[in-house]
Structure formats: C-alpha cells, structure tokens
Amino acid sequence: MTTDRHPFAVRLVGFPTDAERALAQGLARAPADGPSYLCLSADSLQDPDIYLANGTELKALAAIASLAAGDIRPALVLGATGVVLPYPNLPLPVQWNALYAELARLMARRAEVLAGLSAAGQPLVPERRRRERLDLDLTEPAVYERMRKPRREGAVLCVDANAHFSEQLGRSLKQFGTPVLWAVDGVAALALCRQQQVAVVLLDFAAPIIDHYLLCAQLRSEAGQPEVVFLAQSAHDYDSTRARAAGAAGMLDKPLAQHQVQSVLRKFMRL
C-alpha cells in the first residue's frame, strides 16, 4: 500500500472537466528525477500539498484565497488573471517544462518552511477547511462549533488483503493509545465491529470482497455507525455516486504516508 516515493497531492481549482483530465495526465508524467504528483479527486479526504488554480475563473482565485494558500500549501495560478495576485502565475496553454520547474520550486520552498517549523517545535500543517468560504462570514463562531460532529472514540479497522498496512498504522498510532484492527474480508470486518467499538474503517479496494459498497452500507448500519473511508489505487476504482449512497465519508488515493492517514483520522477521531 505504501512506497518510498510519495507523490505530492495537487488540488485542482476551477478547471473544466477536460482540462482537469489533461492536467492530471500531464502531472502523472512529471520527470522521474524530480517530484511526482497526484491530482486529488473531488471526494478525496487527503489534505493537498499544493493548489493549481484556473486564473481565468474569478471564483477559483477567490477560493484559493479563502483556503489560505501560502508557503505550506502553496498555490500556482495558470492563465491570465487580469489582477495582481500574491501567487506565481504561468500562462496558458501549459508549457510543461515550465510547470514542472515551478512546481518543484514551490515544493522545495515548502520543505524549507516545514523544516523551520519542525526545528522550532511548531505545528507543521494547520487543519484546512473542507470547503472554501467565498462570502463575508458574519456567523458567530459558537454556531459553527455546534455544527461540528463530535470526535469519535474507538479503534481503527483496516480491511485489506494483508496486514502490512494495519501493522504500520498500529505502530504510528501507538503513541495515542488507539488500537488498529485488521480484517481480510467483510465477514471478519462486521464481526469485529460487533465485538468492539470501531470509530473509522479504512476499506481497501484490494481486499477480496465481492461488493465493497455493499460492505460499506452494512458497516454503516451497525450500532456504532463507524465512518468508512475507501482506499483506492486509482480514481477509476472509485464510484462516488455508489460510495455516497452507501454512506462513505470519502476516499484516499494510494500510496499513502502515515502522516497523511493520521491527518484524515483526526477529522473523525480524538488523537
């Protein structure tokens, strides 16, 4: 499930579907001697490392501003904007060598900033908003606090073809006292959810299950109603319509680093 070279996660903002597809294909062909990239799907729960925004869409520019893009999560704007922005800007159509070079520069700067924060003992990456807020927000903070779902208590259950990932995750969560369980199929997963409290299920498409979406719905119908997050090697493996109908919280793209998994678990659990 994991590899030594984890790609940087790119969130595309404001591009039409065809342009998104072309950008994803181009970024997947980034030179092997530099950073690699993965474009996140709309249902991905993973925090982006960088935003790539459509400079010809004012809403996209407002979105990256509201998402607090900066040195830690930089933004690169493609296309003429007509306004001065605090983000680097490249023209359209895409010149791939120039795009690869600018992305590599931004990732290097990001690494420098993170290293400085780590040396100072400061939090590395702040929690991001799941959705941009484009209007002037006059709502009392207490209203948003009441809207937040309570953080779940319990174990993390990995449903996978083998126990390698669950063992890795168990070691990384040991410091929090959070148990990590493993099941190879749906029968074992449902049995574990009935035996003890499970907060989050990480359901891998590699697990030998006939219908992963049916299992998701069954897990969500259990008394504890654990959150279910799909793990997919490719976005083509994931059917967002069926996943939402089954009650899934979203999905994550493999390969995954342990800090990326922890970041997602913190959205649902007390770590």
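The structure we're discussing is the one just above.
In this report, the structure presented in the accompanying data block is examined. Because the structure is a prediction, the values reported are computed rather than measured.

### Focus: helix α3 (residues 96-119)
Piece 1. The terminal C-alpha atoms of α3 lie 35 Å apart, and with 24 residues this matches the ideal 34 Å at 1.5 Å per residue to within 8%.
Piece 2. All of the buried residues in α3 are Leu99, Tyr100, Glu102, Leu103, Leu106, Met107, Arg110, Val113, Leu114 and Leu117.
Piece 3. The inward-facing, buried residues of α3 contact β1 (8-13), α1 (17-28), β2 (37-39), β3 (50-54), β4 (75-78) and β5 (89-90).

### A word on the sheet that holds strand β7 (residues 180-183)
Piece 1. Taken together, the five strands give an open sheet; going across it, the order is β7-β6-β8-β9-β10, and neighbouring strands pair in parallel fashion. Strands with a single pairing partner mark the edges of an open sheet, and in this sheet they are β7 and β10 (250-253). When the angles between neighbouring strand axes are averaged without regard to direction, this sheet yields 25 degrees.
Piece 2. Across four bridges, strand β9 (residues 227-232) lies against β10 in parallel orientation. Looking at the pairing, Val229 lines up with Gly250 of β10.
Piece 3. Seen against the sheet, helix α7 (residues 212-220) touches β8 (198-204) and β9 and runs at an angle of roughly 160 degrees to β9.

### A closer look at the pattern of salt bridges
Piece 1. Under the defined criterion, the tally for this structure stands at 13 salt bridges.
Piece 2. For Glu102, the salt bridge goes to Arg105, with nearest N and O atoms at 2.6 Å. Placement of the pair is Glu102 and Arg105 together in helix α3, with a separation of three residues, close to one helical turn.
Piece 3. Under the relative-accessibility criterion, Glu102 is labelled buried at 14%.

### Things to note about the packing of aromatic side chains
Piece 1. Applying the stated criterion to the full structure yields six aromatic pairs.
Piece 2. Plain terms: the ring middles of Trp96 and Tyr100 are 5.7 Å apart, the flat faces sit at 35 degrees to each other, and that makes the pair tilted. Of this pair, Trp96 and Tyr100 both sit in helix α3, four residues apart, roughly one helical turn.
Piece 3. On the basis of relative accessible area, Trp96 is assigned to the partly exposed category, the value being 25%.
Piece 4. Note on Phe205 and Phe230: the rings are 5.1 Å apart at their centroids and 20 degrees apart in plane angle, and the pair reads as stacked. Placement of the pair is Phe205 in the loop between β8 and α7 and Phe230 in strand β9, with a sequence separation of 25 residues.

### What to know about the packing of helix α5 (residues 164-173) against helix α9 (residues 258-265)
Piece 1. Running from N to C, α5 and α9 point in directions that differ by 70 degrees, and their axes come no closer than 10 Å. Comparing their axes, α9 and α5 come out roughly perpendicular. Each of Phe165, Gln168, Leu169, Ser172 and Leu173 in α5 lies in contact with α9, whose residues at this interface are Gln258, Val261, Gln262 and Leu265.
Piece 2. Class assignment for the residues of the contact of α5 with α9 results in five nonpolar, four polar and no charged.

Cut-offs applied
- Residues numbered from 1 in each chain as written.
- Predicted model: local features only at pLDDT ≥ 70, side-chain atom pairs only at ≥ 80, totals over all residues.
- Heavy atoms only, no water.
- Helix = DSSP H or I, 4+ residues; strand = E, 2+ residues; numbered from the N terminus.
- Expected span 1.5 Å × (residues − 1).
- Buried < 20%, exposed > 50% of the residue type's maximum accessible area, 1.4 Å probe, protein only.
- Contact = heavy atoms within 4.5 Å.
- Pairing = 2+ DSSP bridges.
- Axes fitted to C-alpha atoms, helices over the stretch in contact; angles between N-to-C directions.
- Salt bridge = Lys/Arg side-chain N within 4 Å of Asp/Glu carboxyl O.
- Phe/Tyr/Trp six-rings, centres within 6.5 Å; stacked < 30°, edge-to-face > 60°.
- Parallel < 35°, antiparallel > 145°, perpendicular 65-115°, else oblique.
- Nonpolar A, V, L, I, M, F, W, Y, C, P; charged D, E, K, R; others polar.

Structural measurements only, silent on function.
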